[in-house]
Amino acid sequence: MARYVILLGFFIMVGVFAVVLDRMGKGEYNPRDIPTEFLGKPAPGINVPDLYDASQIVKTQDMKGKTWLFNVWGTWCPECWREHAYLMELSNAGVPIVGLNWRDEKAEARSMLTKMGNPFVKIGFDPDSSVAMDWGVYGAPETFLIDPQGMVVAKHAGGITPAVWEAKFKKYFVN
Amino acid sequence: MKNMKTIKLLSSLVFAFLIVTQANARFETHDFATPQMEQDYNVLVAELRCLVCQNQNLADSNAELAQDMRLKVYKMLSEGHSKQEIADYMVTRYGDFVMYRPPVKSSTFLLWFGPLIFFVIAAIIVFSYMRRSQSTKENAIDTEQQKKAHSLLDDE
């Protein structure tokens with residue numbers, strides 16, 4: 001009897017292992033993902049100068065009344081280059097995106113946008129992670145969705161793809 | 001020959017010592033107003049997790065975010081924030097995961113007591129298994145003795 005219990009336990013463990021590996025392979029489960037603490041809570045402030053115009057302070061309140069995306073990126077982040085074309089597509093479709101240029105060089109960030117296009121309505125410049133930490137960001141790219149009341153309603157760590165958009169963000173932009 | 005051995009041993013000890021001190025070296029140095037502040041800083045960077053390299057604490061990680069988080073800890077201490085306030089600042093942004101010793105609550109219950117639960121289950125299985133095999137052994141002896149008794153009886 002005990003022998004069968006041990007054998008059963010072993011097969012259960014193998015099963016769980018296989019399912020977890022399979023979901024990781026498909027990209028449905030990321031063990032390193034840290035769930036955001038901000039879902040359903042007011043979005044933190046931004047309050048840093050704009051990448052293009054240091055006299056302009058980028059603020060969360062500026063976007064009040066709109067459904068918008070907050071996208072954290074840097075030229076040092078390969079996945080940010082990969083998602084950029086899709087951000088352009090979203091921006092052209094009328095989705096307002098506020099960027100946060102994180103731990104980057106101003107000149108490099110600007111030259112990337114000159115080359116690839118600028119999908120952002122505003123870009124906060126955050127060389128020392130002060131805004132990133134306030135938003136609980138731990139990697140790039142990360143994208144938050146903020147509703148017209150200023151609440152964070154969705155978040156994605158990693159590049160935005162059509163599949164991610166479909167699954168996590170699209171429904172908030174229907175009207 | 002023996003000398004050679006001693007030299008080898010000594011040099012490997014020195015080498016090991018160098019590695020250890022290397023690992024303990026700070027990435028950056030801060031000036032602390034009080035020894036208490038320095039102590040608080042050391043406790044915090046040891047207790048807070050680096051979120052980039054998730055199996056390291058802030059003290060051991062040279063990831064850029066870890067550098068910035070250490071600086072944030074230092075700045076907040078300098079502004080007079082308490083250890084608890086700084087831990088709370090990080091937890092409200094990064095969740096309990098940022099603490100190497102998260103508080104005991106329903107979501108962290110399995111983390112804290114999982115090993116104990118598994119230990120108890122394993123102990124129960126081992127205990128029942130041992131008792132069973134022992135009782136079958138006793139039975140075996142009994143039947144053997146019975147046979148012996150029978151054959152003795154048959155002889156008479």
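Residues numbered from 1 in each chain as written. Chains lettered and ligands numbered in written order. Predicted model: local features only at pLDDT ≥ 70, side-chain atom pairs only at ≥ 80, totals over all residues. Heavy atoms only, no water.

A. Seen up close, the interface of chain A and chain B. Counting from both sides, the interface comprises 18 residues of chain A and, opposite them, 20 residues of chain B. Together, the buried faces of chain A and chain B total about 1,700 Å²; carbon and sulfur atoms form 55% of this surface. The interface formed by chain A and chain B includes three salt bridges. Here Arg93(B) and Asp134(A) are joined by a salt bridge, their closest N and O atoms 3.1 Å apart. Counting every contact that joins chain A to chain B gives six residue pairs in polar contact (both at pLDDT 80 or more). Counting residues per element, the ones that place at least two in the side of chain A that touches chain B are helix 1 (2–25) and helix 4 (130–134) of chain A. Per-element tally for the side of chain A that touches chain B: the top contributor is helix 1 of chain A, with four residues. Residue composition of the side of chain A that touches chain B, by class: ten nonpolar, two polar and six charged. (Contact = heavy atoms within 4.5 Å. Buried area = accessible area lost by both parts, 1.4 Å probe. Salt bridge = Lys/Arg side-chain N within 4 Å of Asp/Glu carboxyl O. Polar contact = N/O pair within 3.5 Å; in protein donor to acceptor, adjacent residues only side chain to side chain. Helix = DSSP H or I, 4+ residues; strand = E, 2+ residues; numbered from the N terminus. Nonpolar A, V, L, I, M, F, W, Y, C, P; charged D, E, K, R; others polar.)

B. Quick look at the state of the cysteines. Residues and elements named next belong to chain A. Taken as a whole, this structure holds one disulfide over all chains when the rule is applied. Each disulfide pairs two cysteine sulfurs, and for cysteine 77 the partner residue is cysteine 80, the sulfurs being separated by 2.1 Å. Taking the sign of the torsion about the S-S bond as the criterion, the disulfide between cysteine 77 and cysteine 80, at about 90°, is right-handed. Taking the relative accessible area as the measure of exposure, cysteine 77 reaches 3% and is therefore buried. (Disulfide = S-S within 2.5 Å. Buried < 20%, exposed > 50% of the residue type's maximum accessible area, 1.4 Å probe, protein only.)

C. A look at the packing of helix 2 (residues 78–92) of chain A against helix 3 (residues 106–116) of chain A. Residue and element names in this part refer to chain A. In contact at an axis separation of 11 Å, helix 2 and helix 3 are set at 50° when each is read in the N-to-C sense. Classed by the angle they form, the pair helix 2 and helix 3 counts as oblique. In terms of crossing hand, the pair formed by helix 2 and helix 3 is right-handed. Residues Cys80, Trp81, His84 and Met88 of helix 2 touch helix 3, and the partners they reach there are Met112, Leu113 and Met116. Across the contact of helix 2 with helix 3, the residue classes tally to six nonpolar, one polar and no charged. (Axes fitted to C-alpha atoms, helices over the stretch in contact; angles between N-to-C directions. Parallel < 35°, antiparallel > 145°, perpendicular 65-115°, else oblique. Left-handed = near helix turned anticlockwise from the far one by under 90°.)

D. Focus on the environment of Gly99(A). All names here are of chain A. With respect to the helices, strands and loops of the structure, glycine 99 is situated in strand 4 (residues 97–102). For the pair glycine 99 and aspartate 134, spaced 35 residues apart in sequence, the C-alpha separation works out to 15 Å. In this structure, glycine 99 is in contact with Phe70, Asn71, Trp73, Phe120, Lys122, Ile123 and Gly124, ignoring residues within four places of it in sequence.

E. Structural detail: the pattern of salt bridges. In total, this model carries ten salt bridges over all chains according to the counting rule given. Residue Lys155(A) is joined to Glu142(A) by a salt bridge in which the shortest nitrogen-to-oxygen separation is 3.1 Å. Within this pair, whereas Lys155(A) is found in strand 7 (residues 152–157), its partner Glu142(A) is found in strand 6 (residues 142–146), the two being separated by 13 residues in sequence. In this structure Lys155(A) comes out as buried when scored by relative accessible area, which is 11%. Residue Asp96(B) is joined to Lys105(B) by a salt bridge in which the shortest nitrogen-to-oxygen separation is 3.0 Å. Here the residues in one salt-bridge network are Arg103(A), Glu64(B) and Asp68(B), joined through shared partners.

F. Main features of empty space enclosed by the protein. Scanning the entire structure with this criterion turns up two cavities of 30 Å³ or more. Of the pockets and cavities examined, the largest cavity occupies roughly 50 Å³. The residue inventory of the lining of the largest cavity, partitioned by class, reads five nonpolar, two polar and three charged. (1 Å grid on protein atoms, 1.4 Å probe; cavity = no way out; pocket = protein on both sides within 12 Å on 5 of 7 lines; lining within 4 Å. Points joined across faces, edges and corners; volume = space filled by probe spheres on them.)

G. Region of interest: helix 2 (residues 35–47) of chain B. Residues and elements named next belong to chain B. The end-to-end C-alpha distance of helix 2, which contains 13 residues, comes to 18 Å, matching closely the 18 Å that a straight helix rising 1.5 Å per residue would cover. The set of residues buried in helix 2 consists of Met37, Asp40, Tyr41, Leu44, Val45 and Glu47. Summarising the axial view, the buried residues of helix 2 lie within an arc of 160°, below the 170-degree limit, and thus occupy one face. If you follow the buried residues of helix 2, they end up packed against helix 3 (64–78) and helix 4 (83–94). (Expected span 1.5 Å × (residues − 1). Arc of directions from axis to C-beta.)

H. A look at the packing of helix 3 of chain B against helix 4 of chain B. All names here are of chain B. Relative to each other, helix 3 and helix 4 sit at 140°, their axes nearing to 10 Å. It follows from the interaxial angle that helix 3 and helix 4 lie oblique. In this structure, the crossing between helix 3 and helix 4 has a hand that is right-handed. Where helix 3 abuts helix 4, its residues Leu65, Met69, Lys72, Val73, Met76 and Leu77 lie against Glu85, Ile86, Tyr89, Met90 and Tyr94.

I. Broad picture of the packing of aromatic side chains. Here the structure, examined in full by the defined rule, presents twelve aromatic pairs over all chains. A centroid spacing of 6.2 Å and a plane angle of 45° characterise the contact between Phe70(A) and Phe144(A), whose relative ring orientation is tilted. Taken together, the residues span a long stretch of sequence, with Phe70(A) in strand 3 (residues 68–73) and Phe144(A) in strand 6 at a distance of 74 residues. Geometrically, the ring pair formed by Trp165(A) and Phe169(A) is tilted, given 6.1 Å between the ring centres and 35° between the ring planes. In this pair, Trp165(A) and Phe169(A) both sit in helix 5 (residues 162–169), four residues apart, roughly one turn of the helix. For Trp165(A), a relative accessible area of 8% puts it in the buried group. An aromatic cluster is present here, built from Trp68(A), Phe70(A), Trp135(A) and Phe144(A) joined pairwise through their rings. Looking at Arg49(B), its charged tip hangs above the ring of Phe97(B), at a distance of 4.2 Å from the centre. Residue placement shows Arg49(B) over the ring face of Tyr100(B); its charged tip is 4.3 Å from the ring centre. (Phe/Tyr/Trp six-rings, centres within 6.5 Å; stacked < 30°, edge-to-face > 60°. Lys NZ or Arg CZ within 6 Å of the ring centre and 35° of its normal.)

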